[in-house]
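# Per-entry structural report
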Amino acid sequence: MRTVAMLAASALLMSLNYGCAPRSEAQTPPPASVTVAQPLVRTVQDWDDFTGRFEAPQEVEVRARVGGYVQQVHFRDGQVVQRGQLLFTLDPRPAQAALQAAQAQLAQANAQLALARSQAARAETLLASQAVSQAEADTARSGVQTAQAAVAAANAAVRARRLDVEFTRVTAPITGRVSDRRVDAGNLVAGGSSAGDLLTTIVAASPIYFTFDGSEAVLLKYQRQARQGAAPIQIRLQDEANFSRAGTLDFTDNAIDTASGVVRLRAVVANADNFLKPGMFGQARLAGSGSYQAMLVPDAAIATDQARRVVYVMNADGTAAPRPVQLGPLVDGLRVVRSGLQANDRVIIAGLQRVQQPGAKIKPVNGRIEPVAQQATQTVTQAAPASSATFANVAGD
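Residues numbered from 1 in each chain as written. Predicted model: local features only at pLDDT ≥ 70, side-chain atom pairs only at ≥ 80, totals over all residues. Heavy atoms only, no water.

### Focus: the pattern of salt bridges
Quick reminder of the rule: For this analysis, a salt bridge means a side-chain nitrogen from Lys or Arg found within 4 Å of a carboxyl oxygen belonging to Asp or Glu. The way it works is that DSSP assigns letters per residue, a run of H or I at least four long becomes a helix, a run of E at least two long becomes a strand, and they are numbered from the N terminus. Think of it in three bands: residues with accessible area under 20% of the maximum for their type are buried, residues over 50% are exposed, and the middle band is partly exposed, with areas taken using a 1.4 Å probe on protein chains only.
Under the counting rule described, the total for this entry stands at 15 salt bridges. Here R161 makes a salt bridge to D164, at a shortest N to O gap of 3.1 Å. Taken together, the positions of R161 and D164, both in helix α4 (residues 134-167) and 3 residues apart, correspond to about one turn of that helix. The partly exposed category is assigned to R161, whose relative accessible area is 26%. When the shortest N-O distance is used, the salt bridge between R264 and D253 registers 3.8 Å. In this pair, R264 is assigned in strand β15 (residues 262-269) and D253 in the loop between β14 (245-252) and β15, connecting sequence segments 11 residues apart. Residue class for R264 comes out partly exposed when judged on its relative accessible area of 36%. By relative accessible area, which is 26% here, D253 ends up partly exposed.

### Notes on the sheet that holds strand β9 (residues 176-178)
This is how it is decided: Any two strands are treated as partners once DSSP identifies two or more bridges connecting them.
Taken in spatial order, the 4 strands of this open sheet run β4-β11-β9-β6, and their pairing is antiparallel. Each edge of the open sheet carries a strand with a single partner, namely β4 (58-63) and β6 (80-81). Bridge count between β4 and strand β11 (residues 198-204): 6 bridges; the pairing is antiparallel. Bridging from a neighbouring strand, E61 pairs with T201 of β11.

### Comments concerning α4
Cut-off, in case you're wondering: One less than the residue count of a helix, multiplied by 1.5 Å, gives the span that helix is expected to have. Two residues form a contact once any of their heavy atoms are found within 4.5 Å.
Spanning 34 residues, α4 covers 50 Å between terminal C-alpha atoms, matching the ideal 50 Å at 1.5 Å per step. Every buried residue belonging to α4 is among A137, A140, V144, A147, V151, A154, V158, V165 and F167, and all of these are buried. Each element contacted by the buried residues of α4 is listed here: β7 (86-90), α3 (93-128) and β8 (169-171).

### Details of the sheet that holds β7
Hydrogen bonds along the backbone pair up the strands of a sheet, which may run parallel or antiparallel. Taken in spatial order, the 4 strands line up as β8-β7-β5-β10 in an open sheet, and their pairing is antiparallel. Whereas interior strands pair on both sides, the edge strands pair on one side only; in this sheet they are β8 and β10 (188-189). In the sheet, strand β5 (residues 68-73) pairs with β10 via 2 bridges, with the strands oriented antiparallel. Bridge pairing in β10 places G68 opposite V189.

### A short note on the side chain of Q79
Note the cut-off: Side-chain atoms alone can form a polar contact between residues adjacent in sequence; in general such a contact is a pair of N or O atoms within 3.5 Å, and within protein one must be able to donate a hydrogen while the other accepts it.
Along the chain, Q79 turns up in the loop between β5 and β6. A residue is classified by how much of its surface remains accessible, and Q79, at 15% relative accessible area, is buried. Of the polar contacts made by the side chain of Q79, one reaches the backbone nitrogen of R76; its length is 2.6 Å. Contact partners of Q79, with chain neighbours within four places excluded, come to Q85, G176, R177 and V178.

### Some thoughts on unusual backbone geometry
Trans peptide bonds make up most of the peptide bonds, and negative phi angles are found at most residues other than glycine. In this model, S206 is joined to P207 through a cis peptide bond whose omega is 0°. Here P207 is to be found in the loop between β11 and β12 (208-215). Even without being glycine, N274 reaches a positive phi, approximately 55°. Secondary-structure assignment places N274 in the loop between β15 and β16 (281-287). Take N274: its relative accessible area is 23%, and that puts it in the partly exposed class.

### Remarks on the nonpolar core
Applied cut-off: Residues grouped as a nonpolar core are buried Ala, Val, Leu, Ile, Met, Phe, Trp, Tyr and Cys residues, joined through side-chain atoms within 4.5 Å.
F54, F210, F212, I233, I235, V269 and L286 are the most contacted members of the largest nonpolar core, which totals 23 residues. Counting only elements with at least two residues in this core, the list comes to β3 (47-55), β12, α5 (216-225), β13 (231-236), β15 and β16. Tallying contributions element by element places β15 first for this core, with 4 residues. Setting aside residues no more than four positions away along its own chain, V269 makes contact with F54, P207, I208, F210, I235, A246, G247 and L276.

Below is the structure:
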């Protein structure tokens, strides 16, 4: 019995010793596996980003300058027409008849002028021999002047009627792409005023304008830089990944809109293939500064500590430490770090969520920061307003 009791006591003691083993070693988590890399150092340039629309430099509503029946349409819907090209022909016969009547009035006025001159010459002869009075001679001379005025009026009427005949041929006032015809042959149209019937429209879009709104801060910055000449601008469409279209800033409005606090700007963009259409949205960027050396890290390496932005770097003892930073814009998918980092710092660029707290041990895996091609803009249901803009001196989220 004594032996059994000793065995039981020994077993109990062993179990107690096992339960009292150091718990700290069993509960200490292993170092978090993270990817670290030095910041990418390269020459960058800040850009001011804008959203705007393309607009036609010239857009004309084609209306007849005289009324009449449409005799023939001379263009295909949507084709490119040249200035002076015939678009519509109206029935010219009423205008031709009016022209003939005006020419007859001119002939009659010329006949009256010839008679008045003959009477005035006769009166001058008779006045010399005192066969007529001075009053009668003055009346004859006045008759010549009246007849001359009638001839001038008749000539003006003939010119007006000739214009009416010319206006029965509706031609393109500018070179551009014509819209569809709004009337067909055989219709009676009104003309001669802005309220006349619309026949079609023509848009000149090569080159094309890109208009956008900029804040007062942007205007002040560019004015203080005192840039000379046209500033270059880069543009991309909503479904394009890269800023492949180039233009030049050629116009800044003469006043700031007091309601919105923005100023209208305009760039000229080449459009030889007529691919760009007025009304399209576009994203533009305007160089906001000169080139400079910058450090870049992925956005995934940036964390928020209350109101600060921080990145975690690896210390010499293998622990993670937060480092407050000031951020700049995105460049090729990487975020510019304006201050707070050194070129030889080892930044945690992947696995940051595994770092439980500052000072925790980490297991580093060497990585490399490389530029990321810009992702194509996804289709959105609501287009951004033309007045929205982000600026190079404000760090994006």
